[in-house]
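Read off the chains here:
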Amino acid sequence: MDSAHFKTSPQTPLPVVATGENKRRVFIKSFGCQMNVYDADRMADVLAPEGYDTTNTPESADLIILNTCNIREKAAEKVYSELGRLREIKLDRAKSGKETLVAVAGCVAQAEGAGLLRNTKTVDLVVGSQSYHKLPELLAKVRTKQRVVDTEFPTGDKFASLPMAARERVQARGASAFLTIQEGCDKFCTFCVVPYTRGAEISRPVAKIVEEATHLASAGVREVSLLGQNVNAYHGQGPNGGSATLTQLLYALADVPHLERLRYTTSHPNDMSDELIEAHKYLPKLMPSLHLPVQSGSNRILKAMNRKHTHEEYRCIIDKVRQARPDIALTSDFIVGYPGETDAEFEDTVKLVHDIEFAAAYSFKYSPRPGTPAADHKTQISEAVMQERLLHLQSLLRQQQIAFNQQTIGRTVNVLVEKQGRMDGQMGGRSPYAQAVHFNGNISMIGTIVPVTITTLMPNSLTGLYTP
Ligand code: SAH
Ligand code: SF4
Ligand code: F3S
């Protein structure tokens with residue numbers, strides 16, 4: 001399954017919005033999770049009134065923003081290789097008299113701050129994830145030949161100060177959209193940088209989210225994926241002034257005209273309430289997919305990770321979810337080689353995967369992150385052992401993914417049509433289970449939901465037949 005959950009891979013370029021002759025251009029490259037994809041769009045929205053159009057080539061950009069991820073060492077290292085490339089582009093453009101500003105945004109910006117300016121001359125601006133609404137004033141400062149760092153964690157809601165996307169920008173982005181409803185994390189798993197790079201948990205008010213979703217839906221969006229590092233810990237201000245749960249928010253969004261599908265990610269097992277599980281049974285617009293990271297099947301490792309749940313509790317949640325929605329596509333995240341993980345403890349993870357049968361999952365080798373408690377642990381696992389465990393786990397997960405996708409063959413599923421396929425007369429979209437589906441059709445179908453009978457399993461997608 002080509003799952004909707006992206007991890008630390010470069011994202012597809014932003015859609016290019018038509019450029020006038022004297023306009024400035026911004027190129028934004030995002031790494032990491034979906035929240036960075038959403039943030040990239042919001043940065044483009046805040047820059048649009050400043051005269052910036054988006055471009056998908058850095059060579060044609062007056063402003064280049066690297067929207068970075070710090071989750072694992074490899075992700076963080078990418079920033080420096082990208083900056084090397086951008087240095088050349090900046091020099092080339094300078095030769096023809098063109099100025100190029102380079103900004104580093106996102107979680108590496110937040111973690112390294114001024115260190116990024118010391119390490120490279122290419123960077124003009126370092127902007128943390130809570131300061132995007134200040135981009136115009138920060139860029140004005142940069143233009144007075146200062147190098148600027150802003151990695152504050154302001155107390156206010158940054159989203160309250162970000163403009164909504166213009167209608168044509170929403171349309172250019174397609175029928176499925178991300179919408180961040182919650183940011184930050186208070187859980188402090190011992191391996192993870194997110195609580196340090198995104199700060200404390202903040203939830204947006206229900207009214208603001210409904211307003212944004214209504215705006216998106218009126219411009220053609222049919223599916224919204226609600227985002228948060230701990231999305232099910234959502235506790236934003238509700239209509240009566242008290243705090244609302246994610247379930248209440250989902251029910252409020254189900255009333256937004258023209259919005260047909262709702263998803264949410266990423267959830268934490270400890271916040272998987274019974275009412276949220278029940279919503280999977282009673283709320284038809286809530287799609288049958290759930291991303292619920294477990295990380296490990298060993299209780300000792302889970303305790304060392306500060307996950308505060310056992311594998312038994314995780315299994316119990318999955319049982320309840322499957323009772324509510326038997327066909328749900330379950331996905332998860334795993335870390336292999338957490339410090340001190342024994343062969344037997346790794347086998348506990350393999351057993352859990354065997355028992356649960358996931359539709360897809362991400363698995364990672366443990367990567368020590370500076371400043372996190374696990375990084376100082378004395379019994380780090382060797383690269384060779386981690387690699388062996390990862391390959392073993394990934395091969396099992398791959399088999400389960402194929403088995404899950406095979407179950408859809410012969411079935412007719414509703415597909416939200418998102419784009420043209422590579423071949424003539426072919427369209428692409430997503431099934432309720434977030435599988436990528438290709439089928440016969442035409443571009444007038446974009447933004448509609450059509451029944452497609454699945455015929456073939458491809459390596460990363462399904463092929464099917466649409467019969468009008
Ligand atoms: N908030 C989500 C996801 C956070 S990051 C959650 O709690 O599950 C996404 C995934 O990256 C995590 O689920 C974890 O599997 C992985 N990850 C985080 N830190 C890591 C590290 N130091 N090394 C390897 N993988 C890591
Ligand atoms: Fe990281 Fe844990 Fe928070 Fe997820 S819950 S973002 S893994 S600290
Ligand atoms: Fe990466 Fe930051 Fe997301 S560290 S995974 S971009 S929250």
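Only a predicted model underlies this, so the values are computations on that prediction, with no experimental measurement involved.

## Describing the nonpolar core
Here's step 1: With 80 residues, the main nonpolar core has L226, L246 and Y264 as its most contacted residues.
Here's step 2: A domain split of this core shows at least three residues from each of domain 1 (24-150) and domain 2 (158-406).
Here's step 3: Those residues within four positions of L226 in sequence are excluded, and the remaining contacts are L179, I181, V231, L246, L249, L250, L253, R263, Y264 and T265.
Here's step 4: Membership of the second largest hydrophobic core comes to 20 residues, among which are A76, V79, L116 and V123.

## A few points about the confidence of the model for the protein
Here's step 1: Overall, the prediction assigns the protein a mean pLDDT of 93, with 95% of residues at 70 or greater.
Here's step 2: In the model, residues 1-12 has pLDDT below 50 throughout and makes 52 contacts with residues more than four positions away in sequence or in other chains.

## Looking at the domain arrangement of the protein
Here's step 1: Looking at the protein, the domain boundaries give domain 1 (24-150), domain 2 (158-406) and domain 3 (412-466).
Here's step 2: The C-alpha-based centres of domain 1 and domain 3 are spaced at 35 Å.

## Some remarks on the site of ligand 2
Here's step 1: Near ligand 2, the surroundings consist of C185, K187, F188, C189, F191, C192, V194, P195, N230, H268 and R307.
Here's step 2: Among the residues making up the shell around ligand 2, the classes are represented as seven nonpolar, two polar and two charged.

## Description of the site of ligand 1
Here's step 1: Residues in contact with ligand 1 amount to 16 residues; listed here are only the nearest, F191, Q229, Q295, D333 and S367.
Here's step 2: Note that a nitrogen atom of ligand 1 is positioned 2.6 Å from one of the backbone N or O atoms of Q229.
Here's step 3: Summarising the interface, the protein chains cover 93% of the accessible area of ligand 1, which totals 540 Å² for the free molecule.
Here's step 4: Of all the secondary structure elements, the ones that give two or more residues to the shell around ligand 1 are β13 (329-336) and β14 (360-365).
Here's step 5: Taken together, the residues of the shell around ligand 1 sort by class into six nonpolar, four polar and six charged.

## Here we look at the sheet that holds strand β11 (residues 261-265)
Here's step 1: Here three strands make up an open sheet; going across it, the order is β7-β10-β11 and the pairing parallel. On the outer flanks of this sheet lie β7 (176-180) and β11, each paired with one strand and no other. Strand after strand, the sheet turns through a mean of 25° between neighbouring axes, direction not considered.
Here's step 2: Pairing between strand β10 (residues 223-227) and β11: five bridges, direction parallel. Across the sheet, residue L226 finds its bridge partner in β11, namely Y264.
Here's step 3: Across the sheet, helix α8 (residues 206-218) is in contact with β7 and β10; its angle to β7 comes to roughly 165°.

Cut-offs and rules
Residues numbered from 1 in each chain as written. Chains lettered and ligands numbered in written order. Predicted model: local features only at pLDDT ≥ 70, side-chain atom pairs only at ≥ 80, totals over all residues. Heavy atoms only, no water. Core = buried A, V, L, I, M, F, W, Y, C linked by side-chain atoms within 4.5 Å. Buried < 20%, exposed > 50% of the residue type's maximum accessible area, 1.4 Å probe, protein only. Domains from an automatic or database assignment. Contact = heavy atoms within 4.5 Å. pLDDT = per-residue confidence, 0-100. Near = heavy atom within 4 Å. Nonpolar A, V, L, I, M, F, W, Y, C, P; charged D, E, K, R; others polar. Polar contact = N/O pair within 3.5 Å; in protein donor to acceptor, adjacent residues only side chain to side chain. Areas by Shrake-Rupley, 256 points an atom, 1.4 Å probe, with all protein chains shown as cover. Helix = DSSP H or I, 4+ residues; strand = E, 2+ residues; numbered from the N terminus. Pairing = 2+ DSSP bridges. Axes fitted to C-alpha atoms, helices over the stretch in contact; angles between N-to-C directions.

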